[in-house]
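If you want the building blocks of each chain, they are given just below.
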Amino acid sequence: MSNALPQDVVPVSAPDNSEPLLKVSGLSRNYGAVRALDGLSFEVPEGTITGMIGPNGCGKTTSVNCITGFDTPSGGTVEIEGQPINELSPDGVARAGIMRTFQAIRVFDRFSVLENAMIGMQSFDGLSVWDTVLRNRRYRQVERNTRQRAVELLETVGLKDKLREPAGNLSYGQKKLLALAGILMSAPKLIILDEPVAGVNPTLTHEIAATLRMLNEKGITFLVIEHNIQFVMNLSDRIIVMDRGRCLASGSPSEVQADSRVLDAYLGGVGDG
Ligand SMILES: Nc1ncnc2c1ncn2[C@@H]1O[C@H](COP(=O)(O)OP(=O)(O)OP(=O)(O)O)[C@@H](O)[C@H]1O
Ligand SMILES: [Mg+2]
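Engineer: Explain the overall build of the chain here, please?
Structural biologist: From N to C terminus, the chain includes 10 helices and 10 strands. Out of the 273 residues belonging to the chain, those deemed buried represent 48%. For the chain, contacts bridging at least 24 residues in sequence account for 69% of all contacts bridging at least 6. Surface summary for the chain: the accessible area is close to 13,200 Å², and the carbon and sulfur share equals 49%.

Quick look at the structure:
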């Protein structure tokens, strides 16, 4: 893994630190009789790595879907730097500076690693359909810049020696790093990762942790959902504990680990399952 990071991967941060970067207030989402989110409120302060944990089915992915415009909450608000983003489409949320990964990996196996990373830039490059169809000078210029940036970011996540390989040849963990490089293309302020190390071997898990720390030091804020408790406790400044569609507890890793309600939620989950 390289420490090189293109300058403009660093997001332009808000000078006003009084607002949290992300504020979720009273979010609810019902699926028929299932209350997937039931008044969920939490904050992600700028510059932090905030972890989110909670038993299976407690609403973690639903909350990410509602924050990023992939799902519509039944109630509540989502704000980024004090601005409501409830009504935005996934593209609009991405333009507001929030990018996410998916619990199920999304890469194009037949495309090269480099091509996959470049696709991440597609909706941000400002090219018109005509630019693309005609492959004019503007198109070629943007394409050159995009390619250069993709190469730099693939180096950042440790995939520089795989540029020309079909993404299908990558290991599961390497595909997760590729997905991360893809979303870094648009220089997001906040990255939400849904189970970044589930099914990833221990060596790569360490590499992913180191990459996330390095990106955080460069100014990117993270919300990391993870069942690997050791990983998320070691990585995060703050932890949000979800249970049954709500925030059960939040605080430093040591505070939440000492909270008996948190243990109860997990043991309750095992018993219920
Ligand atoms: N599209 C949907 N239609 C119906 N029910 C859904 C839908 N999506 C989620 N649910 C339900 O909402 C609840 C919350 O699911 P969600 O996927 O958000 O949980 P999670 O905390 O991400 O779980 P896991 O840790 O297993 O990923 C579950 O009861 C789930 O079955
Ligand atoms: Mg989930």
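Alright, that's what it looks like, and here's the rest.
Engineer: Which parts of the structure should I look at to understand the pairing of strand 8 (residues 221-225)?
Structural biologist: Successive side chains on a regular strand alternate, one facing one side of the sheet and the next facing the other. Strand 8 sits mainly inside the fold: five of its five residues count as buried. Across the two faces of strand 8 the burial is the same, with Thr221, Leu223 and Ile225 and Phe222 and Val224 all buried. For strand 3 (residues 49-53) and strand 8, the ladder comprises four bridges, and the chain directions are parallel. Opposite Thr50, over in strand 8, you have Leu223 as the bridge partner. As paired strands, strand 7 (residues 190-194) and strand 8 are joined by five bridges and run parallel to one another. When the sheet's bridge partners are listed, Ile192 is paired in strand 8 with Leu223. Handedness of the crossover joining strand 7 and strand 8 through helix 7 (residues 202-217): right-handed.

Engineer: Whenever I open this one, the side chain of Glu195 confuses me. Can you help?
Structural biologist: Following the sequence through the fold, Glu195 ends up in the loop between strand 7 and helix 7. Here Glu195 is in contact with Gln103, Lys176, Ile225, Glu226 and His227, once residues within four sequence places are set aside.

Engineer: What exactly am I supposed to notice about the pattern of salt bridges here?
Structural biologist: Two side chains with opposite charge may pair up if their charged atoms get near one another. For the coordinates displayed, the defined rule picks out 10 salt bridges. A salt bridge links Arg147 to Glu143, with the shortest nitrogen-to-oxygen separation between them at 3.3 Å. Here Arg147 and its partner Glu143 are both found in helix 5 (residues 137-156), four residues apart, which amounts to about one turn of the helix. By relative accessible area, which is 32% here, Arg147 ends up partly exposed. The structure contains a network of salt bridges with shared partners spanning Arg35, Asp38 and Arg246.

Engineer: What is the right way to read the site of ligand 1 from this model?
Structural biologist: Not every one of the 14 residues close to ligand 1 is listed here, only the nearest: Asn56, Gly57, Lys60, Thr62 and His227. In the environment of ligand 1, an oxygen atom lies 3.2 Å from a nitrogen or oxygen atom belonging to the backbone of Cys58. Contacts to ligand 1 include His227, whose side-chain N or O atom sits 2.6 Å from an oxygen atom. Considered on its own, ligand 1 offers 630 Å² of accessible surface; in the complex 60% of this is hidden by protein. Those elements giving two or more residues to the shell around ligand 1 turn out to be strand 2 (34-44) and helix 1 (60-67). For the shell around ligand 1, the element with the most residues is helix 1, which contributes three residues.

Engineer: Could you clarify how one ought to interpret the packing of aromatic side chains in this entry?
Structural biologist: Two aromatic rings, taken as a pair, are described by how far apart their centres are and by the angle between their planes. Tallied over the full model, the rule gives two aromatic pairs. Between Phe70 and Phe102, the aromatic rings sit 5.3 Å apart at their centres with planes inclined by 90°, giving edge-to-face as the arrangement. Taken as a pair, Phe70 in the loop between helix 1 and strand 4 (75-80) and Phe102 in the loop between strand 6 (98-100) and helix 3 (113-119) lie far apart in primary sequence, 32 residues in all. Given a relative accessible area of 23%, Phe102 falls into the partly exposed group. Ring centres 5.6 Å apart and planes at 35° place the aromatic pair Phe108 and Phe111 in the tilted group. Residue classification places Phe108 among the partly exposed residues on the basis of a relative accessible area of 48%. Taking the relative accessible area as the measure of exposure, Phe111 reaches 40% and is therefore partly exposed. Here Arg100 stacks its cationic end above the ring of Phe70, 4.9 Å away from the centre of that ring. Sitting over the ring of Phe102, Arg100 keeps its end group 4.0 Å from the ring centre.

Engineer: Honestly, the nonpolar core in this entry has me stumped. Any pointers?
Structural biologist: For soluble globular proteins, nonpolar side chains are generally found buried alongside one another. Counting 46 residues, the largest nonpolar core has Leu154, Leu178, Leu180, Phe222 and Phe231 as the members making the most contacts within it. Top element by residues in this core is helix 6 (residues 172-184). It accounts for six residues. Setting aside residues no more than four positions away along its own chain, Leu180 makes contact with Val157, Ile191, Leu193, Thr211, Leu212 and Leu215. Within the second largest apolar cluster, 24 residues are counted, among which are Leu37, Cys66, Ile67 and Leu223.

Reading guide: rules and limits
- Residues numbered from 1 in each chain as written.
- Chains lettered and ligands numbered in written order.
- Predicted model: local features only at pLDDT ≥ 70, side-chain atom pairs only at ≥ 80, totals over all residues.
- Heavy atoms only, no water.
- Helix = DSSP H or I, 4+ residues; strand = E, 2+ residues; numbered from the N terminus.
- Buried < 20%, exposed > 50% of the residue type's maximum accessible area, 1.4 Å probe, protein only.
- Contact = heavy atoms within 4.5 Å.
- Areas by Shrake-Rupley, 256 points an atom, 1.4 Å probe, with all protein chains shown as cover.
- Pairing = 2+ DSSP bridges.
- Right-handed = clockwise from strand over helix to strand, strands pointing away.
- Salt bridge = Lys/Arg side-chain N within 4 Å of Asp/Glu carboxyl O.
- Near = heavy atom within 4 Å.
- Polar contact = N/O pair within 3.5 Å; in protein donor to acceptor, adjacent residues only side chain to side chain.
- Phe/Tyr/Trp six-rings, centres within 6.5 Å; stacked < 30°, edge-to-face > 60°.
- Lys NZ or Arg CZ within 6 Å of the ring centre and 35° of its normal.
- Core = buried A, V, L, I, M, F, W, Y, C linked by side-chain atoms within 4.5 Å.

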